Amino acid sequence: MAERLIVVSNRIPMGDNPSGGLVVALHDALARSGGVWLGAHPETGDGSEPLEEIGRTPYQRLAFRLTQEQLDNYYLGFSNSVLWPLCHRRGDLIDMQRDYVDAYSQVNARVAQLIADIVTPDDLIWIHDYHFFPLARELRALGVLNRIGFFLHIPFPALGDLSMLPEPESFADCLAHYNLIGLQTRGDVARCLEMFRADPRAEFLPDGNVKFLDRVVSLKSFPIGIDAGAFRAEALQDAPSPFGRETPERYLIGVDRLDYSKGLPNRFRAFARYLENRTTDTRPCFVQIAPPSREQVQAYQDITRELEEIAGNVNGRFAELDWTPIRYIHRPVPRGDLARLHRKASACLVTSTADGMNLVAKEFVAAQDPEDPGVLVLSRFAGAAEDMTEAVLVNPYDVDDMARAIGEALDMPLEERQRRHDACLKVVEQTGTAQWSHDFLHALRTCIPPLGG
Ligand code: ADQ
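Residues numbered from 1 in each chain as written. Predicted model: local features only at pLDDT ≥ 70, side-chain atom pairs only at ≥ 80, totals over all residues.

The protein goes by Trehalose-6-phosphate synthase in an unreviewed UniProt entry, where it is assigned to Pacificitalea manganoxidans. Per UniProt, the protein carries the Sequence similarities (unreviewed entry) text "Belongs to the glycosyltransferase 20 family." (UniProt positions renumbered as here; feature names shortened; annotations may be inferred.)

Below, the structure written as structure tokens:
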């Protein structure tokens, strides 16, 4: 029987025109090879429905429904109120509840059963992200022997932070049921290896693989990217300015889901500090686009309020009748508009305190005019900084450092901007979406034979 690819992710595209980094990357991979994409239906159900087909071409899309309780406890609860803050070094924001832990195990067991019902022996299974850490273990328990790969889109936690999990010792065991663990950066691979190194059940093989009890697991970084050509084409489209008649003369841009990991409060403070310290009478705008995200979670409500307050304070302090320093848009913006906004910006601010990769950094670079490019100001804590070393790298905890970087970006001579842009663009072009999925799937096909294989 021919090989078939089965992709599993919490989010699944409902329409035929997917958007967003992860979704586009997987769409491309599946469109090329055919196969099945399985994910959670955006509407809840009673939790016992069979898989629902929501699309058939160019590949099959199958959705399962969560109950409202599972959505609250597995998705908003354990995934986004325990694992997300844990992996983003915000242990202080963890909201640990027994119901969350139980729902997470229950949903993973159910999804494993749904996969086991459709899998055939030559299928390749590719599981995505922190919603499904234990899925391979559940699948193995059901007798599934296929090659199973896992890709983590967010940072791999530091060894010490794993103790914040309910059963820290079972984490390495559950990951070692995968044949291949893909991570965003070499730093993430190092942290994952550190976890195995600390575990007496793990042993390091000469080929770099890890032997864990009777299983062998491969680890490798696969930095995710974007389709640079497609984004550039959007940026170049001949369309009216998204600003309408309010086009600022010079502006910096930020584009992020409104998430506490994106370092937004300090970014706003840094812009205020820059305004405070500037010596000329330049009046740049800072345009921040931050659509709401996970609004039912308390920590996200808190960051929304905090940001509104800071934006109000900065504007109250610096605004003039014909100049609003911060334009804060708390809404999604069409992709074409985003691309055009990037192209005309003098600089982009990416100041995450932790971030798996950060695709906005790559989108900004792809959208620039190479003759007169804007400057990328990039947090050292974003995965993108590992290779995009020619961006202006900043410490997102240090407001003065970021204020200085904003000044440096706005005053940077053309030649230096071009040199830095060329280097960053090279990285963006080397890490396209097609390359990413191709490299991962090649590694999964060629890693050690699975159990019983
Ligand atoms: P995210 O945390 O969502 O992704 P990011 O990589 O920046 O972060 O991707 C966000 C995507 O959403 C970008 O393509 C961006 O253009 C888009 N977007 C943001 N704001 C928008 C708006 N207002 N309107 C429309 N689109 C908007 C997670 C990890 C990242 C990792 C990706 C992919 O947290 O670190 O890079 O997965 O692996």
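Near the ligand you find 21 residues, and of these His153, Pro332, Gly356, Met357 and Leu359 are the closest. Going through the elements one at a time, helix 1 (21–33) and helix 11 (359–367) are the ones with two or more residues in the shell around the ligand. If you tally residues by element for the shell around the ligand, the top one is helix 11, at 3 residues. Counted by class, the shell around the ligand contains 12 nonpolar, 5 polar and 4 charged residues. Lining the shell around the ligand are residues from two domains, each supplying at least three of them: domain 1 (5–225 + 434–446) and domain 2 (228–430). (Near = placed C-beta within 6 Å. Helix = DSSP H or I, 4+ residues; strand = E, 2+ residues; numbered from the N terminus. Nonpolar A, V, L, I, M, F, W, Y, C, P; charged D, E, K, R; others polar. Domains from an automatic or database assignment.)

What follows deals with helix 10 (residues 335–344). Taken together, the buried positions of helix 10 are Leu338, Ala339, Arg340, Leu341, His342 and Arg343. Lining the buried residues of helix 10 we find helix 7 (228–236), strand 11 (251–255), strand 12 (285–289), strand 14 (347–350) and helix 11. (Buried ≥ 20, exposed ≤ 12 C-beta atoms within 10 Å, placed from the backbone. Contact = placed C-beta atoms within 7 Å.)

Let us now look at the pairing of strand 10 (residues 215–221). As defined by bridge partners, strand 7 (residues 180–183) adjoins strand 10 across 4 bridges and the pair is classed as parallel. The partner of glycine 182 across the bridge, within strand 10, is lysine 220. Bridging between strand 9 (residues 210–212) and strand 10 involves 3 bridges; their strand directions are antiparallel. Each residue of the ladder has a partner; that of lysine 211, found in strand 10, is valine 216. (Pairing = 2+ DSSP bridges.)

We now examine the nonpolar core. With 128 residues, the main nonpolar core has Ala361, Leu376, Val377, Leu378 and Ile406 as its most contacted residues. Sorting elements by how many residues they give to this core places helix 2 (residues 68–87) first, with 8 residues. Residue-level mapping places this core at the junction of two domains, with at least three residues from each of domain 1 (5–225 + 434–446) and domain 2 (228–430). In this view, isoleucine 406 contacts Leu252, Ala270, Phe271, Tyr274 and Val377; residues no more than four positions away in its chain are not counted. (Core = buried A, V, L, I, M, F, W, Y, C linked by C-beta atoms within 7 Å.)

Time to look at the sheet that holds strand 4 (residues 60–64). With respect to topology, 10 strands assemble into an open sheet ordered 3-4-2-1-5-6-7-10-9-8, the strand pairing being mixed. A strand with exactly one partner marks an edge of an open sheet, and here the two such strands are strand 3 (52–55) and strand 8 (202–204). The mean inter-strand angle of the sheet, taken between neighbouring strand axes irrespective of direction, is 25 degrees. Sheet analysis places strand 6 (residues 148–151) next to strand 7, joined by 3 bridges and oriented parallel. Looking at strand 7, one finds that glycine 149 is bridged to leucine 180. The strands touched by helix 6 (residues 186–197) within the sheet are strand 7, strand 8, strand 9 and strand 10, with strand 10 carrying the most contacts at an inclination of about 155 degrees. (Axes fitted to C-alpha atoms, helices over the stretch in contact; angles between N-to-C directions.)

It is worth spelling out the domain arrangement of the protein at this point. Many analyses report the size of an interface as the accessible area lost when the parts associate. Split into domains, the protein comes out as domain 1 (5–225 + 434–446) and domain 2 (228–430). Computed from C-alpha atoms alone, the centre-to-centre distance between domain 1 and domain 2 is 30 Å. On the domain 2 side, the residues contacting the 19 residues of domain 1 number 17 residues. Secondary-structure elements contributing two or more residues to the side of domain 1 that touches domain 2 are helix 2 and helix 6. Grouping the amino acids of the side of domain 1 that touches domain 2 by side-chain chemistry returns 6 nonpolar, 10 polar and 3 charged.

Our focus in this paragraph is the sheet that holds strand 13 (residues 326–329). Taken together, 6 strands build an open sheet; the order of strands is 13-12-11-14-15-16 and the sheet is parallel. Since the sheet does not close on itself, it has two edges, and those belong to strand 13 and strand 16 (392–394), each with one partner. Strand-to-strand twist across the sheet, computed as the mean angle between neighbouring axes with direction ignored, equals 20 degrees. Note: strand 14 against strand 15 (residues 375–379), 4 bridges, orientation parallel. Residue pairing in the sheet places valine 350 in a bridge with leucine 378 of strand 15. Each of strand 11, strand 14, strand 15 and strand 16 is contacted by helix 12 (residues 399–411), which is oriented at about 170 degrees to strand 16, the strand it contacts most.

Another aspect to go through is the confidence of the model for the protein. Mean pLDDT for the protein: 94, with 97% of residues reaching 70 or above. In the predicted complex, the global pTM is 0.97; the interface-specific ipTM is 0.97. (pLDDT = per-residue confidence, 0-100.)

The geometry of helix 10 relative to helix 11 is characterised by a closest axis approach of 8 Å and an angle of 65 degrees between their N-to-C directions. Classified by the interaxial angle, the pair formed by helix 10 and helix 11 is roughly perpendicular. Helix 11 is crossed by helix 10, and the crossing has right-handed handedness. The segment helix 10 lies against helix 11, with Ala339, His342 and Arg343 engaging Glu363, Phe364 and Ala367. Of the residues belonging to the contact of helix 10 with helix 11, the class tally is 3 nonpolar, 1 polar and 2 charged. (Parallel < 35°, antiparallel > 145°, perpendicular 65-115°, else oblique. Left-handed = near helix turned anticlockwise from the far one by under 90°.)

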